[in-house]
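Now for the letters of each chain:
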Amino acid sequence: SPSAEQRSYTITITEQYDSPEFKNAKETVKFAVPIKQEARLNTGNIEVMPNSIQVGGESNIMFDINNTGKVTLYNVTAIFEDDSIQRSENYIGNIKPGESGNVDAMIYGIAPTMDDGMITVKITYEDENGTVSSVDKELQLFVSEPMPMEDPFMDDFMIMDEPIPEPTPMDKLKQHALPIGAAAVAVLGGIVFF
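Quantities reported herein were computed from a predicted structural model and do not represent experimental measurements. Residue indices begin from 1 for each chain and proceed along its sequence in written order. This being a predicted model, a pLDDT of at least 70 is required before a residue's local features are given, and a value of 80 or more before pairs of side-chain atoms are given or counted; all residues contribute to the totals for chains, interfaces and linings. In computing side-chain properties, one takes all heavy atoms of the structure into account and sets aside hydrogens as well as water.

(A) The arrangement of the overall build of the chain in detail. Numbering goes from the N terminus for both helices and strands, where a helix is a DSSP run of H or I of at least four residues and a strand is a run of E of at least two. Helix and strand content of the chain: two helices and twelve strands. In the chain, buried positions account for 23% of the 194 residues. Residues are treated as being in contact if the distance between any of their heavy atoms lies within 4.5 Å. Look at the contacts in the chain between residues 6 or more apart in sequence, and 58% of them connect residues 24 or more apart. The cut-offs for exposure are 20% and 50% of the maximum accessible area for each residue type, with area from a 1.4 Å probe on protein chains only; residues under the lower value are buried, those over the upper are exposed, and the others partly exposed.

(B) Molecular detail of the side chain of Ser88. By secondary structure assignment, the location of Ser88 is in strand β8 (residues 85-95). According to the relative accessible area criterion, Ser88 is buried, its value standing at 13%. Whenever a nitrogen or oxygen atom comes within 3.5 Å of another N or O atom, the pair is scored as a polar contact, on the condition that within protein one atom can donate a hydrogen and the other can accept it, and that pairs from neighbouring residues in sequence are kept only if both atoms are in side chains. One polar contact links Ser88 to Asn90, side chain to side chain, over a distance of 3.1 Å.

(C) Representation of the pattern of salt bridges within the structure. Take a side-chain nitrogen of Lys or Arg and a carboxyl oxygen of Asp or Glu: if they are within 4 Å of each other, that pair is a salt bridge. Summed over the entire model, instances satisfying the criterion amount to four salt bridges. The partner of Asp127 in a salt bridge is Lys36, and the shortest N-O contact between them spans 3.8 Å. Taken as a pair, Asp127 in the loop between β10 (118-126) and β11 (132-140) and Lys36 in the loop between β2 (25-34) and β3 (41-43) lie far apart in primary sequence, 91 residues in all. Judged by relative accessible area, Lys36 falls into the exposed class, the value being 58%. The partner of Glu89 in a salt bridge is Arg87, with the nearest N and O atoms 2.6 Å apart. Several salt bridges converge on common partners, so that one network encompasses Glu81, Arg87 and Glu89.

Given below as structure tokens:
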């Protein structure tokens with residue numbers, strides 16, 4: 001039965017037979033039959049916020065893992081791995097039948113995306129004997145090259161760093177000619193006045 005719990009069930013067989021020595025002889029035989037249920041799980045809607053980051057940036061990925069089978073999933077782990085992101089393992093723990101586990105992971109971009117941006121999430125779990133199984137899911141996350149930062153003050157610093165040219169003799173003459181000319185006009189005006 002699909003609804004049967006995973007355990008051993010005892011079956012009893014009652015035999016009745018005739019033999020040269022006995023008439024209507026009876027015998028009872030009991031034996032155990034282990035029932036193994038297949039582990040089943042599915043995931044809720046995978047949220048990627050944001051779904052596009054730069055190298056060195058991070059994105060938050062959240063989704064639920066639902067145990068839709070009849071057996072407990074042990075040591076459930078979600079593994080994010082791709083060339084464009086830093087590998088990340090997120091341990092969820094044990095998930096009982098009919099219950100859910102939550103994945104909330106921060107993923108860091110390490111290289112620009114060179115394909116369609118599909119990243120595989122490997123969900124691993126163990127059965128009661130420690131046998132590891134896995135299910136693969138996909139999500140989309142683009143990683144781009146970092147944009148160069150423009151500093152509005154950089155131009156001012158660059159101007160200040162440039163060497164100041166030496167003034168030419170003509171520049172020196174112009175610099176002193178105006179004050180000397182103004183003083184001469186003032187002296188001449190004073191003499192005329194007196």
